[in-house]
Each structure stands twice: as structure tokens, then as C-alpha cells.
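Fold and contact review
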Amino acid sequence: MSRVLLTVTCGLVDAEAIATGLRDALHVPVHQRAETVLGRDFDDAGTVERVAGALARSAIVLEIAADQVAHALEVATNTRRRLPFRWHSVAVLDGGRIA
């Protein structure tokens, strides 16, 4: 079965709820980190973010089976949140743990 890294990028106010929902629904480790997104493609930015040219966001990353992506997105979509989120998935070619 192929594996993917699913990254959900969302507003800081929504990050904890989305990350918790994904962890509870999929039973996998969920990585969460704060990010600053620089640029001008700010369709989902607040006024202050538009003026500053920087979005304060959180990236939520989890490794799941490729056939679980739709379910994960459904969980994130149905989570109580205030802002839109963006997502992408990338195929995992190899991985492991080295002790």
C-alpha cells in the first residue's frame, strides 16, 4: 500500500482542533509546527496579514496510507474551525527509523 505525507496548512486558531481531530480519527502521529508564509497570494488572509505581507499559519503533517487522504480531509473539513485551510500530499518513497 502506498504511503503519503499529508500536509494541512491552516490558521493558528484552528491548528489544535484540526491536529487533534486527525490524530483521534486516524490513530497516527501528527506533527504540528508554526510557519510564516511570505508572499501575495492571500485569498484567506486577514487585513493585518495582507498589509504585512505575511501569514501566520500552522503546518500539520502526518504520514498515512494514500487511500486515507479523503477521510483525513473530511475530518479536517468537519472540524470546528474559523478559517479555510490548504492541503497537499506527497508520496513517501522510503522511510524508517534508525536507533
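Residues numbered from 1 in each chain as written. Predicted model: local features only at pLDDT ≥ 70, side-chain atom pairs only at ≥ 80, totals over all residues. Heavy atoms only, no water.

**What to know about the sheet that holds strand S3 (residues 54–65)**
- Across the sheet, which stays open at both edges, the four strands sit in the order S2-S3-S1-S4 with antiparallel pairing between neighbours. The open sheet has two free edges, formed respectively by strand S2 (31–38) and strand S4 (86–91), since each of these has just one partner strand. Adjacent strand axes in the sheet meet at a mean angle of 25° when their direction is disregarded.
- Here helix H1 (residues 12–26) sits on the sheet and contacts strand S1 (3–11), S2 and S3; the angle it forms with S3, its principal contact strand, is near 5°.
- Helix-sheet contacts for helix H3 (residues 69–78) involve S1, S3 and S4, and the interaxial angle to S1 is about 15°. (Pairing = 2+ DSSP bridges. Helix = DSSP H or I, 4+ residues; strand = E, 2+ residues; numbered from the N terminus. Axes fitted to C-alpha atoms, helices over the stretch in contact; angles between N-to-C directions. Contact = heavy atoms within 4.5 Å.)

**With respect to the nonpolar core**
- In this structure, Leu-6, Ile-18, Leu-22, Leu-26, Ile-60, Leu-62 and Ile-64 are the most contacted members of the largest nonpolar core, which totals 19 residues.
- Of all the elements in the fold, those that place two or more residues in this core are S1, H1, S3 and H3. (Core = buried A, V, L, I, M, F, W, Y, C linked by side-chain atoms within 4.5 Å. Buried < 20%, exposed > 50% of the residue type's maximum accessible area, 1.4 Å probe, protein only.)

**Regarding the side chain of Thr-7**
- Note that Thr-7 resides in strand S1.
- By relative accessible area, Thr-7 is classed as buried at 10%.
- Excluding anything up to four places from it in sequence, Thr-7 contacts Ala-59, Ile-60, Val-61, Arg-86, Trp-87 and His-88.

**Thoughts on the confidence of the model for the protein**
- Residues at a pLDDT of 70 or more form 88% of the protein, whose mean pLDDT is 89.
- H3 holds the highest mean pLDDT among the elements of the protein, 97, whereas helix H2 (residues 47–52) holds the lowest, 64. (pLDDT = per-residue confidence, 0-100.)

**Focus on the environment of Val-92**
- Note that Val-92 resides in the segment after S4.
- Given a relative accessible area of 24%, Val-92 falls into the partly exposed group.
- Residues Val-92 and Ser-2, spaced 90 residues apart in sequence, show a C-alpha to C-alpha distance of 7.5 Å.
- Excluding anything up to four places from it in sequence, Val-92 contacts Arg-3, Val-4, Leu-5 and Glu-63.

**Looking at H3**
- Taken residue by residue, H3 has Val-69, Ala-72, Leu-73, Val-75 and Ala-76 as its buried positions. The buried residues of H3 occupy one face: seen down the axis, they fall within an arc of 155°. Facing away from the buried side of H3 by more than 90 degrees, the exposed set consists of Ala-70 and Asn-78. (Arc of directions from axis to C-beta.)

**Brief notes about the side chain of Asp-14**
- When you line up the elements, Asp-14 lands in helix H1.
- Here Asp-14 sits buried without a salt bridge, and the closest side chain of opposite charge, Arg-82, lies 5.7 Å off (N-O distance).
- There is a polar contact of 2.9 Å between the side chain of Asp-14 and the backbone nitrogen of Leu-83.
- Excluding anything up to four places from it in sequence, Asp-14 contacts Arg-81, Arg-82 and Leu-83. (Lys, Arg positive; Asp, Glu negative; His and termini not counted. Salt bridge = Lys/Arg side-chain N within 4 Å of Asp/Glu carboxyl O. Polar contact = N/O pair within 3.5 Å; in protein donor to acceptor, adjacent residues only side chain to side chain.)

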